[in-house]
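Tertiary structure, described
Single-letter residue listing:
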Amino acid sequence: MDQISRVYGRSLFEVAQERDVISEVREQLGQIVDALSESRELQLFLASPQFSSTEKRDGLRRAIDGAEPIVANLLDVMVENQRLSLLPEVRREFDSRYDDLHKVLPVRISTAIELDEETTARIGRQVGEGTGREVHLTTEVDPDLIGGIVLRVGNQILDASIRQRLENLRRQVATA
């Protein structure tokens, strides 16, 4: 299914780019995915075999009245092909292409304790200077790390946590 999500996301992005509505489509797609994830009733309606594809399409069309036509068309196709459950992955693919186009680099910082804003900003600046891209930082506290930091920069992971060091030590002792 991952490949299918990428095809939908790439196709949506390319059409949005051709029509110069990338930001609008990104915003609307995000709102729809968020609404779907938050509404149990909507999830049940869209997953129910009691409703036809036509009824589901009509319901979605009413819910997204005023949306970009390519967003509505995407939803129509996904409902018809029973692939609406892939919409969050389609959003991730679209967002990834958006970030690439705008030279935005997602960076996630995981630490055992909360970092102060100055330290977080300094890490973001250093990553931005090293990559030449605008950095969008997210932080999370993960007590399982014990100490140290795990930095996810795009698709790369730098794990300097104590948990990782202990795991490396355990492997060394096991092979000795």
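Our structure is the block above this text.
All residue numbers refer to position in the chain's written sequence, counted from 1. Selection of residues for local features in this predicted model requires a pLDDT of at least 70, selection of side-chain atom pairs for listing and counting requires 80 or more, and totals for whole chains, interfaces and linings are taken over all residues. The side-chain values count all of the structure's non-hydrogen atoms but skip hydrogen atoms and water molecules.

Salt bridge, as applied in this entry: a Lys or Arg side-chain nitrogen positioned within 4 Å of an Asp or Glu carboxyl oxygen. For the structure shown, the criterion picks out 13 salt bridges. The salt bridge partner of R10 is E14, with a shortest N-O separation of 3.9 Å. Placement of the pair is R10 and E14 together in helix α1 (residues 2-18), with a separation of 4 residues, close to one helical turn. On the accessibility criterion, R10 (30% relative accessible area) is partly exposed. Each helix is a run of H or I in the DSSP string that is no shorter than four residues. Each strand is a run of E no shorter than two, and both are numbered from the N terminus. Summary of the burial criterion: residues with accessible area below 20% of their type's maximum are buried, those above 50% are exposed, and those between are partly exposed, where the area comes from a 1.4 Å probe applied to protein chains only.

Take the buried residues of types Ala, Val, Leu, Ile, Met, Phe, Trp, Tyr and Cys, join any two whose side-chain atoms come within 4.5 Å, and each joined set is a nonpolar core. Counting residues in hydrophobic clusters, the biggest one holds 27 residues, and the most contacted among them are V25, L74, L75, M78, L84, L87 and F94. Listing elements by their share of this core, those giving two or more residues are α1, α2 (22-38), α5 (69-80) and α6 (87-101). Counting residues per element, this core draws most heavily on α5, at 7 residues. Filtering out sequence-adjacent residues up to four positions away, F94 remains in contact with G9, L12, F13, A16, I22, V25, R26 and L29. One finds V127, V135, L151 and V153 within the second-largest nonpolar core, a separate group that totals 8 residues. Residue contacts follow a heavy-atom distance rule, with two residues in contact if any of their heavy atoms lie within 4.5 Å.

Now for the packing of aromatic side chains. Here the aromatic set is Phe, Tyr and Trp, taking the six-membered ring for Trp, and pairing holds for ring centres within 6.5 Å; pairs whose planes are under 30 degrees apart are stacked, those over 60 apart are edge-to-face, and all others are tilted. All told, the structure shown has 2 aromatic pairs when counted by the stated rule. Ring geometry for F13 against F94: centres 5.3 Å apart, planes inclined by 70°, an arrangement best described as edge-to-face. You can see F13 sitting in helix α1 and its partner F94 sitting in helix α6, a full 81 residues away along the chain. Of the residues examined, F13 reaches a relative accessible area of 5% and is grouped as buried. If you follow R26 out to its NZ or CZ, it ends over the ring of Y98, 4.1 Å from the centre. Look at NZ for Lys and CZ for Arg. If either is within 6 Å of the ring centre and within 35 degrees of the ring normal, a charge sits over the ring.

Turning to the sheet that holds strand β4 (residues 156-161), a few remarks are in order. Think of a sheet as strands paired side by side through backbone hydrogen bonds, with each pair either parallel or antiparallel. For two strands to pair, DSSP has to find at least two bridges joining them. The sheet built from 4 strands is open, its strands ordered β2-β1-β3-β4 with mixed pairing. Every other strand in the sheet has two partners, leaving β2 (134-141) and β4 as the edge strands with one partner each. Between one strand and the next, the sheet's axes are offset by a mean angle of 15°, whatever the strand orientation. As defined by bridge partners, strand β1 (residues 104-111) adjoins strand β3 (residues 148-153) across 5 bridges and the pair is classed as antiparallel. Each bridged residue has a counterpart across the sheet, and for S110 the counterpart in β3 is V150. What counts as an axis is a line fitted to C-alpha atoms, over the stretch in contact for a helix, and the angles between N-to-C directions run from 0 to 180 degrees.

In contact at an axis separation of 8 Å, α1 and α2 are set at 140° when each is read in the N-to-C sense. One finds that α1 runs oblique with respect to α2. Where α1 abuts α2, its residues L12, F13, A16 and Q17 lie against I22, V25 and L29. The class makeup of the residues in the contact of α1 with α2 is 6 nonpolar, 1 polar and no charged. The scheme is simple: roughly parallel for angles under 35 degrees, roughly antiparallel for over 145, roughly perpendicular for 65 to 115, oblique for anything else. Residue polarity is assigned by list, with Asp, Glu, Lys and Arg as charged and Ala, Val, Leu, Ile, Met, Phe, Trp, Tyr, Cys and Pro as nonpolar; anything else, Gly included, falls into the polar class.

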